[in-house]
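An overview of the molecular structure
Below are the chains, spelled out letter by letter.
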Amino acid sequence: QKEVEQDPGPLSVPEGAIVSLNCTYSNSAFQYFMWYRQYSRKGPELLMYTYSSGNKEDGRFTAQVDKSSKYISLFIRDSQPSDSATYLCAMSFNNAGNMLTFGGGTRLMVKP
Amino acid sequence: AAGVIQSPRHLIKEKRETATLKCYPIPRHDTVYWYQQGPGQDPQFLISFYEKMQSDKGSIPDRFSAQQFSDYHSELNMSSLELGDSALYFCASSALAGSYEQYFGPGTRLTVT
């Protein structure tokens, strides 16, 4: 079983919808939580990062972390066709090497 | 803004050949990470370097080696290539060792035939 689980989708929504993307994890030692967006054949692009439980908002994106449930979410408001991509959650421990452990990614399609 | 540069972008090699991938981090970033992403899979951490020293090691095969140079660029050397090594190889950089803000390059697509 993977340390970080993510529904692969695809998730198809109409333009303007609110999108909810989620990850669960098993290792309570993860301290930092990130969301990356990856377009086809491109490198992952850092969208959001959080350290503690709670919410963090940046424009149309809101990241939520619930450490007690080992559950993180990314909400996208007013979704646009340009948001169509694969969204990867990633986590790291609090050490110097700080390797990222990724979820498998959720493919999102926003239809005009 | 300057981003992570990787070269080459595409590479085709035959089995048992060697390959060298290069990564140039964002200016003033001193930490470099290498990840391997197979088809339809998430990126898997290989190895990282901070100030030219290896700082962490993941699932990197013994056939692979890497180093970071004085100008902070890094090279991933892959020998005795196997078909299963075909993947996207990403380099990421961060400004501080242990920083969770890793910025990824566009990747090198390696195809082993």
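Below or above, wherever it landed, is the structure these notes cover. (Residues numbered from 1 in each chain as written. Chains lettered and ligands numbered in written order. Predicted model: local features only at pLDDT ≥ 70, side-chain atom pairs only at ≥ 80, totals over all residues. Heavy atoms only, no water.)

**Details of the pattern of salt bridges**
All names here are of chain B. The condition is simple: Any carboxyl oxygen of Asp or Glu that lies within 4 Å of a side-chain nitrogen of Lys or Arg is treated as forming a salt bridge with it. Helix and strand definitions follow DSSP, with helices as H or I runs of at least four residues and strands as E runs of at least two, each counted in order from the N terminus. Throughout, exposure labels follow a simple rule: accessible area from a 1.4 Å probe, protein chains only, divided by the maximum for the residue type, with under 20% read as buried, over 50% as exposed, and the rest as partly exposed.
In this structure the tally under the stated criterion is 8 salt bridges over all chains. Across the pair Asp85 and Arg63 runs a salt bridge whose closest N-O atoms are separated by 2.9 Å. With Asp85 in the loop between strand E8 (74–78) and strand E9 (87–94) and Arg63 in the loop between strand E6 (53–57) and strand E7 (64–68), the pair connects residues that are 22 residues apart, well separated along the chain. Residue Arg63 is classed as partly exposed on the basis of its relative accessible area, which comes to 22%. Overlapping salt bridges bring together Arg63, Glu82 and Asp85 as one network.

**Points about the side chain of Gln37(B)**
Of note, Gln37(B) is situated in strand E4 (residues 31–37). Judged by relative accessible area, which is 10%, Gln37(B) ranks as buried.

**So, the interface of chain B and chain A**
Counted only if it meets this: Contacts were defined at the residue level, with two residues in contact if any of their heavy atoms lie within 4.5 Å. Residues are grouped as follows: nonpolar covers Ala, Val, Leu, Ile, Met, Phe, Trp, Tyr, Cys and Pro; charged covers Asp, Glu, Lys and Arg; every other residue, Gly included, is treated as polar.
At the interface, 23 residues of chain B touch 22 residues of chain A. Lys2(A) is the salt-bridge partner of Asp42(B), the closest N and O atoms lying 2.9 Å from each other. Residues belonging to the side of chain B that touches chain A are distributed by class as follows: 10 nonpolar, 8 polar and 5 charged.

**With respect to the environment of Gln6(A)**
Residue and element names in this part refer to chain A. Spelled out, the test is: Polar contact is the term for a pair of N or O atoms within 3.5 Å; when the atoms are in protein, one must be able to donate a hydrogen and the other to accept it, and sequence-neighboring residues count only if both atoms are side-chain atoms.
By the secondary structure assignment, Gln6 is in strand E1 (residues 4–6). Judged by relative accessible area, Gln6 falls into the buried class, the value being 9%. Gln6 sits 18 residues away from Thr24 along the chain, and the two C-alpha atoms are 6.7 Å apart. Excluding residues within four positions of it along the chain, Gln6 makes contact with Asn22, Cys23, Trp35, Tyr87, Leu88, Cys89, Gly103, Gly104, Gly105 and Thr106. Separated by 2.6 Å, the side chain of Gln6 and the backbone oxygen of Tyr87 make a polar contact. Here Cys89 takes part through its backbone nitrogen, which lies 3.3 Å from a polar atom of the side chain of Gln6.

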